[in-house]
Amino acid sequence: MAVNPLEQYFRKPAVYVDLPSKGNYYKTKPTLSVDGELAVYGMTAKDELVLKNPDALLNGQGVITVLQSVCPDILNQSEIPIPDFNSILIAMRIASYGKELDYQITCQECSHADTVSFDLYEVLATTEFLEPEYIVNLDTGVKVYVGPTTVATQNKASMGQLEQGRLLDLINSDVDSEDKIHKFSKIFEKLTGITFDIVQDGVRYVKLPDENETVVNNIAHIKEWLSNINKTEYEQISTLVTEINLIGTNLKYDHSCTSCQHINSGQIEFDPTSFFA
């Protein structure tokens, strides 16, 4: 195939970002710069159209498609850990629209709305990094090696929660009480399954306390095991996975309302429909 003479005018990396994972927790480690940073490109016009497609956003595929475009040095974007995902979204926003983010904060006291400008480079500067490994030591001697949840599982969870929310809206006063109880039970069961999937995704492998220190990394075996351990053991694993997912950029803010001076605390929400508007 002939070389495209326009190739020299293709977009170039616009931002280099430190990943909270430092490139760990991927099956295939991303290609990073000599400084250990990931190159992030600005979005194309096609990428912006994808983010405006409600169906693509709802099933999570739209975000994955755009990530393939803006961070091609990650081989499989579905493997991106949640802490890295947040940093990449911020870098993607900077690369496409600049470092300033105008964000609306509605006062919890007087309902006055202020538009606050955040410097996204300053947000990225708050990045905290993940440890190379995290271990849950159970009383049985079993060691559980855990990590962050991936974007693919998070998308699946978000879709499931949305679907169950819609089902809840459909349960109205016309449904008899017995039918309501049955439907609520089904919804609760599915939501529990979503939480379980997030925890399972965070388990990398399990090491047994035998003389060979047998390593179990079969997903089916781990899933069956998680379904049959006691509540305390499960919560130890779940708690650490949740804590790991929260490591990364600090998105919290404290804003004084310009109308009543009430201090509003919250965090920047990553809604693709508005974050990339």
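Residues numbered from 1 in each chain as written. Predicted model: local features only at pLDDT ≥ 70, side-chain atom pairs only at ≥ 80, totals over all residues. Heavy atoms only, no water.

Caption draft 1: The arrangement of the sheet that holds strand S5 (residues 134-137) in detail. Sheet architecture is open: 4 strands sit in the order S5-S6-S7-S8, paired in antiparallel fashion. Only two strands of the sheet have a single partner each, and these edge strands are S5 and strand S8 (215-216). Direction of pairing for strand S6 (residues 143-146) relative to strand S7 (residues 203-207): antiparallel, over a ladder of 4 bridges. Across the sheet, Val-146 pairs through a bridge with Val-203, a residue of S7. Its contacts with the sheet put helix H9 (residues 231-245) on S5, S6 and S7, and the angle it makes with S5 is roughly 160°. (Pairing = 2+ DSSP bridges. Helix = DSSP H or I, 4+ residues; strand = E, 2+ residues; numbered from the N terminus. Contact = heavy atoms within 4.5 Å. Axes fitted to C-alpha atoms, helices over the stretch in contact; angles between N-to-C directions.)

Caption draft 2: Looking closely at the packing of aromatic side chains. Inspection of the entire model under this criterion finds 5 aromatic pairs. Summarising the aromatic geometry, the rings of Tyr-145 and Tyr-205 are spaced 4.4 Å apart at their centres and angled 15° between planes, so their arrangement reads as stacked. Of the two residues, Tyr-145 sits in strand S6 while Tyr-205 sits in strand S7, which places them 60 residues apart along the sequence. Overall, Tyr-145 belongs to the buried group, its relative accessible area being 5%. Plain terms: the ring middles of Phe-196 and Tyr-234 are 6.3 Å apart, the flat faces sit at 0° to each other, and that makes the pair stacked. Of the two residues, Phe-196 sits in helix H7 (residues 177-202) while Tyr-234 sits in helix H9, which places them 38 residues apart along the sequence. Between the NZ or CZ atom of Lys-22 and the centre of the ring of Phe-129, over which it lies, the distance is 5.2 Å. (Phe/Tyr/Trp six-rings, centres within 6.5 Å; stacked < 30°, edge-to-face > 60°. Buried < 20%, exposed > 50% of the residue type's maximum accessible area, 1.4 Å probe, protein only. Lys NZ or Arg CZ within 6 Å of the ring centre and 35° of its normal.)

Caption draft 3: Focus on unusual backbone geometry. Not every positive phi belongs to a glycine, and Lys-22 is a case in point at roughly 60°. Not every positive phi belongs to a glycine, and Gln-261 is a case in point at roughly 65°. Considering the arrangement of structural elements, one finds Gln-261 in the loop between strand S9 (252-256) and strand S10 (263-267).

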